[in-house]
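# Residue-level structural notes
Chain residues, written in single-letter form:
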Amino acid sequence: MEPPLRVLVAGCGNMGASHARAYHGMPGFQIVGLVSRGPESRRALSAELGGLPEFGHYHEALRVARPDVVSINTYPETHGPFALAAIEAGCHVFCEKPLATTVEGAQAVVDAARARDRKLVVGYILRVHPAWTRFIEIARTLGKPLVMRMNLNQQSHGAAWNWHRNLMESMSPIVDCGVHYVDVMCQMTGARPVRVSAIGARLTEELKPGMYNYGQLQVTFEDRSVGWYEAGWGPMMSEEAFFVKDVIGPRGSVSIVKDPNERTASDDIDSHTKTSCLRLHHAALDADNEFARKDELIRTEDEPDHQALCGREQAYLLRAIRENLDLSEHMADAVSSLRIVLAADESFRRGQVVTL
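For clarity, every value in this text was computed on a predicted model and none was experimentally measured.

The helix and strand tally for the protein chain stands at 11 helices and 15 strands. In summary, the protein chain has a C-alpha radius of gyration of 21 Å against a globular reference of 21 Å for 356 residues, a match within 12%. Going through the 356 residues of the protein chain one by one, you find that 54% of them count as buried. Put simply, 70% of the contacts in the protein chain that link residues at least 6 apart link residues at least 24 apart. For the protein chain, the accessible surface area stands at approximately 15,700 Å², while carbon and sulfur atoms represent 50% of it. Within the protein chain, one finds 38 positive and 45 negative side-chain charges whose respective centroids are separated by 3 Å.

In structure tokens form, the structure reads like this:
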């Protein structure tokens with residue numbers, strides 16, 4: 001049996017803690033260090049996982065712990081520089097999305113991983129979710145063009161609002177969360193995005209100058225498919241219609257349907273990936289212009305929670321390293337989705353459509 005891969009976990013907040021728990025529960029990994037700027041989060045996580053080496057500075061941890069893998073779960077502005085340092089040190093990398101705060105930064109990380117023959121997995125958690133995989137597969141059967149409607153608004157308060165305000169020091173909600181759903185759109189269409197536009201609003205003065213906490217992007221694809229994604233964070237956001245995942249094509253539509261008996265709050269992280277079931281609607285009509293087939297409700301019984309999804313991401317990372325998987329497409333897709341959401345941010349700020 002191969003020895004476990006030594007992993008350094010950078011960032012001990014929500015995502016870092018979840019990924020650390022995943023590594024801790026897998027025999028293929030051994031955590032050799034936890035890194036965070038603030039001592040409270042790493043001490044609590046270390047205690048939870050039985051006592052692990054702690055570091056307050058990333059580059060010191062990279063030098064002292066000598067990991068095989070670095071897991072980057074810090075704030076977005078550090079993703080690119082931390083990933084480059086890890087690859088330069090000979091490490092494989094798991095990096096939470098987005099890979100960087102600029103397209104050029106993300107491409108530099110991808111180029112470094114290729115040059116050093118290191119595996120780079122980006123945290124697109126929906127890619128390991130079986131129900132979302134099925135959602136994408138069904139959308140591909142609906143014909144072209146597709147109309148893709150998605151949102152994820154969060155009525156955040158307390159610790160969640162602190163977290164969101166910190167995230168908005170680097171980027172807006174349509175950039176930070178948008179990469180997930182734009183990535184889904186790209187998988188559904190399989191077509192090249194050609195134009196992006198966006199609107200947005202600054203709904204609080206608690207943010208740094210120029211930042212906005214509500215936005216909606218619109219993207220047009222080469223095959224004439226169109227999609228929009230909406231995201232807003234903050235205590236002022238509505239709890240109604242905060243989760244829309246809906247795709248329409250000439251042959252019908254498919255939607256993620258929430259369980260009407262299960263009321264979840266918009267800032268509940270487990271609810272962001274939960275599906276309950278898929279509703280497949282068939283557009284075909286009979287001689288009387290009535291629907292020829294009833295809607296189908298497709299149950300999603302394999303419904304991993306957020307922690308289980310983190311485990312699946314790290315299982316994919318382990319397999320990529322052990323089996324030397326070709327991650328070229330995975331890395332290119334991470335750069336492509338980032339390019340789209342950053343173009344949306346540019347569109348909002350310029351008040352113009354951006355051609356890709």
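Having seen the model, we can carry on.
Before going further, it helps to spend a moment on the nonpolar core. Counting 113 residues, the largest nonpolar core has Tyr58, Met188 and Val247 as its most contacted members. The residues contacting Tyr58, other than those within four sequence positions of it, are Leu8, Ala10, Val35, Val70, Ile72, Phe82, Ala85 and Ala86.

Now for the sheet that holds strand E8 (residues 193–201). The sheet built from 9 strands is open, its strands ordered E14-E13-E12-E11-E7-E10-E9-E8-E15 with mixed pairing. With partners counted over all chains shown, the strands left at the sheet margins are strand E14 (296–299) and strand E15 (354–355), one partner each. Helix-sheet contacts for helix H11 (residues 328–350) involve E8, strand E9 (214–221) and E15, and the interaxial angle to E8 is about 50°.

In summary, the side chains of a regular strand alternate between the two faces of the sheet. Within strand E5 (residues 92–96), 5 of the 5 residues are buried, leaving the element largely enclosed by the surrounding structure. The side-chain alternation of E5 yields two buried faces, one formed by His92, Phe94 and Glu96 and the other by Val93 and Cys95. Of the pairings in the sheet, the one linking strand E4 (residues 69–72) to E5 comprises 4 bridges and is parallel in character. The residue of E5 that forms the bridge with Val69 is His92. Handedness of the crossover is the feature at issue here: the chain leaves E4, passes through helix H4 (residues 79–88), returns alongside E5, and the resulting connection is right-handed. The sheet contact formed by E5 and strand E6 (residues 120–123) spans 4 bridges and is parallel. Directly across from Val93, in E6, lies its bridge partner Leu120. Read from E5 through helix H5 (residues 103–116) to E6, the crossover connection turns out right-handed.

Estimates place the volume of the largest pocket at around 1,200 Å³. Lining the largest pocket are 46 residues, with Gly13, Asn14, Met15, Asn73 and Trp163 positioned closest to its centre. Of all the elements in the fold, those that place two or more residues in the lining of the largest pocket are helix H1 (14–24), helix H2 (39–48), H4, helix H7 (159–167) and helix H9 (178–189). In terms of residue count, H7 provides more of the lining of the largest pocket than any other element does, 7 residues in total. Its residues placed into classes, the lining of the largest pocket shows 18 nonpolar, 22 polar and 6 charged.

Two elements in contact, helix H3 (residues 58–65) and H4, have axes whose closest approach is 11 Å; the angle formed by their N-to-C orientations is 20°. One element, H3, and the other, H4, form an angle in the roughly parallel class. Note that H3 runs across H4; the crossing there is right-handed. Of H4, the residues touching H3 (which contributes Tyr58, His59 and Leu62) are Phe82, Ala85 and Ala86. The residue inventory of the contact of H3 with H4, partitioned by class, reads 5 nonpolar, 1 polar and no charged.

Definitions and cut-offs
- Note on numbering: residues in each chain are counted from 1, in written sequence order.
- The model is predicted, so local features are restricted to residues of pLDDT at least 70 and side-chain atom pairs to those at 80 or more, both for listing and for counting; the totals for chains, interfaces and linings are taken over all residues.
- The basis for every side-chain value is the complete set of non-hydrogen atoms in the structure, without hydrogens or water.
- Only runs of H or I of at least four residues qualify as helices and only runs of E of at least two qualify as strands under DSSP, and these elements are numbered from the N terminus.
- Note that the radius of gyration is over C-alpha atoms, with the globule rule given as 2.2 Å times the number of residues to the power 0.38.
- Exposure is judged per residue with a 1.4 Å probe applied to protein chains only, and the accessible area is read against the type maximum: over 50% gives exposed, under 20% gives buried, and values in between give partly exposed.
- Contact between two residues is taken to exist if any of their heavy atoms lie within 4.5 Å; hydrogens are not considered.
- All accessibility values rest on the Shrake-Rupley procedure with a 1.4 Å probe; residue burial counts only the protein chains present in the view.
- Neither His nor the chain ends is counted toward charge; the positive residues are Lys and Arg and the negative residues Asp and Glu.
- Note that the charge is assigned to NZ on lysines, CZ on arginines, CG on aspartates and CD on glutamates.
- The term nonpolar core refers to a set of buried residues drawn from Ala, Val, Leu, Ile, Met, Phe, Trp, Tyr and Cys, joined through side-chain atoms within 4.5 Å.
- At least two DSSP bridges between two strands are required for those strands to pair.
- Orientation is described by lines fitted to C-alpha atoms, with helices fitted over the stretch in contact, and by angles between N-to-C directions that extend from 0 to 180 degrees.
- By convention, orient the strands away from the viewer: a clockwise path from the first strand over the helix to the second makes the crossover right-handed.
- Points on a 1 Å grid, built from protein atoms alone, make a cavity when a 1.4 Å probe fits but cannot get out and make a pocket when they are open with protein on both sides within 12 Å along at least 5 of 7 lines; residues with an atom within 4 Å of a point are the lining residues.
- Grid points are joined across faces, edges and corners, and a volume is the space filled by probe spheres set on the points.
- Residue classes follow a fixed rule: Ala, Val, Leu, Ile, Met, Phe, Trp, Tyr, Cys and Pro count as nonpolar, while Asp, Glu, Lys and Arg count as charged, and any other residue, Gly among them, counts as polar.
- Working rule for angles: under 35 degrees goes down as roughly parallel, over 145 as roughly antiparallel, 65 to 115 as roughly perpendicular, anything else as oblique.
- In a left-handed crossing the near helix is turned counterclockwise from the far helix by less than a right angle, and in a right-handed crossing that turn is clockwise.

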